[in-house]
Amino acid sequence: MKILHTADWHLGKRLDRFSRMEEQVSVMEEMIIIADEENVDLILIAGDLFDNFNPAVEAVELFYKTLKRLSKNGKRPVVAISGNHDSPNLINAPDPLARECGIILIGHPKAEITPFETEYFKIVNSKEGFIEMEINTLDFPVRILHTPYANEIRLKEYFGENKEEEINKVLSQTWKELASQFCDEAGVNLLTAHLYMNKKGSAILEEPEGEKPIKIGNADLIFSDSIPEQIQYTALGHLHGFQNIGTVEKPVIYSSSPLCYSFSEAGQTKYVSIINAEPGKAVSYEKKALKSGRSLVRKTFISVEEAVQWLKENPNTFIELTLESETFLTADERKLIYQSHTGIVHLIPRVKNQELTENSNHEINLNQDIETLFRDYFKSKNSGQEANEELMSLFNEILNA
């Protein structure tokens, strides 16, 4: 069988003042095309479906339309779990209707899905955190252990007060009990979760810049050795860069977000994971690159002319632009820069430090006129940089208002 694994859609997300909805529509379309071209049998979406608990109407509409098309109007099962950006109740709300389209929405950890049957597949076994399905086109069952994100309150409810010690132990025990009971070599065995997971002893993996963090100290760090040996592929969500923290034989994959959502992701290629699986054998997977959306770029220039030329040559980007210069940017220079490009998210002027004697004491003559005092104050606060005439004109305008 073939499986498509994706995660971290963050539908409705903005980049500062910029909407990403048009790009999200395009990348959802691209994902649907990949699923159809690859003729996948199952879709797994590992959380952070929306960017916040109360998504805009257009984000919700895009979500439902995308799921319906991914499911091929019920012919292909889709399993989607909630992440730390999602409201579990919002994810659960349309579940009765979603099932009619072959879509299984799981908002809460330890959720138990009521068995149901469509024309194309059926849930034959269900327990807290587990489903087993039979798909008409396959001659073996598919087992899925599912663990949506749990916030602080739900972690205490499910795992007890001492969650730093308990969460690894309880998850490991729960997963292993389910795998022992249901996951033999007669079917394909999968795990999907929205967690901060890493190999024991490995370097800390960076969480996405600007995202709600999951890992606070070591309290929410899950180790990959908690995954039962019967699991052939683990589909994770939360980290936005594609990576395998498992092995070649038993991949534990963060599939990446479909778009670059922060400048810490600048230059990343985004992917979906296409998995080939069959009972009792090691899976193989392929990264399928996603090409939609504007790239995110961090650039530093030392002249306005150089910056403007690059901006005009690279229109289809979002940029964090740093401009290093001897003096502050004038209003005309700022205007020229912004007129050159429609995707400047941040403009960071950096004035080169002039030589100053550190820890030198400067005596302030309070008998000076107000304009000279302002010049001295500005110079002291800006590494010796003199206030330019444009700034002084503005100061005098305020002073004489």
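1. Describing the overall build of the protein chain
Step number 1: What the protein chain contains, in helices and strands, is 10 helices and 20 strands.
Step number 2: Burial status across the protein chain gives 52% buried among its 401 residues.
Step number 3: Look at the contacts in the protein chain between residues 6 or more apart in sequence, and 66% of them connect residues 24 or more apart.
Step number 4: Here the protein chain displays about 19600 Å² of accessible surface, and carbon together with sulfur accounts for 48% of that area.

2. Topic: unusual backbone geometry
Step number 1: Its identity as a non-glycine residue notwithstanding, Asp16 has a phi of 55°, on the positive side.
Step number 2: A relative accessible area of 49% means that Asp16 is categorised as partly exposed.
Step number 3: Here His238, not a glycine, exhibits a phi torsion of approximately 135°, which is positive.
Step number 4: With respect to the helices and strands, His238 occurs in the loop between β13 (233–237) and β14 (243–244).

3. Notes on the side chain of Ser262
Step number 1: Take Ser262: it is sitting in the loop between β15 (252–254) and β16 (270–276).
Step number 2: A relative accessible area of 5% places Ser262 in the buried class.
Step number 3: At 2.7 Å, the side chain of Ser262 forms a polar contact with the side chain of Ser264.
Step number 4: Those residues in contact with Ser262, other than ones at most four positions away along the chain, are Glu209 and Leu296.

4. A look at the pairing of strand β20 (residues 344–351)
Step number 1: Looking at chain direction, strand β19 (residues 317–325) and β20 are connected through 7 bridges and run parallel. Among the inter-strand pairings, Leu321 is bridged to a residue of β20, identified as Leu347.
Step number 2: Handedness of the β-α-β unit built from β19, helix α8 (residues 331–339) and β20 comes out right-handed.

5. Comments concerning the pattern of salt bridges
Step number 1: One pass over the full model with this rule turns up 17 salt bridges.
Step number 2: With a shortest N-O distance of 3.2 Å, Lys288 and Glu38 are connected by a salt bridge. Taken as a pair, Lys288 in strand β17 (residues 284–290) and Glu38 in helix α1 (residues 21–38) lie far apart in primary sequence, 250 residues in all.
Step number 3: Of the charged contacts in the structure, one is a salt bridge between Glu61 and Lys65, with a shortest N-O distance of 2.9 Å.

6. A closer look at the confidence of the model for the protein chain
Step number 1: On average, residues of the protein chain score 87 in pLDDT, and 88% of them reach the 70 mark or higher.
Step number 2: When the criterion is pLDDT under 50, residues 354–360 qualifies, and its contacts beyond four places in sequence or with other chains add up to 5 contacts.

7. Overview of the pairing of β13
Step number 1: Most of β13 is tucked away: 5 of the 5 residues are buried.
Step number 2: Burial along β13 is two-sided: Tyr233, Ala235 and Gly237 facing one way and Thr234 and Leu236 facing the other are all buried.
Step number 3: Relative to β13, strand β10 (residues 188–194) runs parallel, the two being bridged by 5 bridges. Looking at the pairing, Leu190 lines up with Tyr233 of β13.
Step number 4: As paired strands, β13 and β15 are joined by 3 bridges and run parallel to one another. Its bridge partner lying in β15, Ala235 is registered against Ile253.

Analysis parameters
- Residues numbered from 1 in each chain as written.
- Predicted model: local features only at pLDDT ≥ 70, side-chain atom pairs only at ≥ 80, totals over all residues.
- Heavy atoms only, no water.
- Helix = DSSP H or I, 4+ residues; strand = E, 2+ residues; numbered from the N terminus.
- Buried < 20%, exposed > 50% of the residue type's maximum accessible area, 1.4 Å probe, protein only.
- Contact = heavy atoms within 4.5 Å.
- Areas by Shrake-Rupley, 256 points an atom, 1.4 Å probe, with all protein chains shown as cover.
- Polar contact = N/O pair within 3.5 Å; in protein donor to acceptor, adjacent residues only side chain to side chain.
- Pairing = 2+ DSSP bridges.
- Right-handed = clockwise from strand over helix to strand, strands pointing away.
- Salt bridge = Lys/Arg side-chain N within 4 Å of Asp/Glu carboxyl O.
- pLDDT = per-residue confidence, 0-100.

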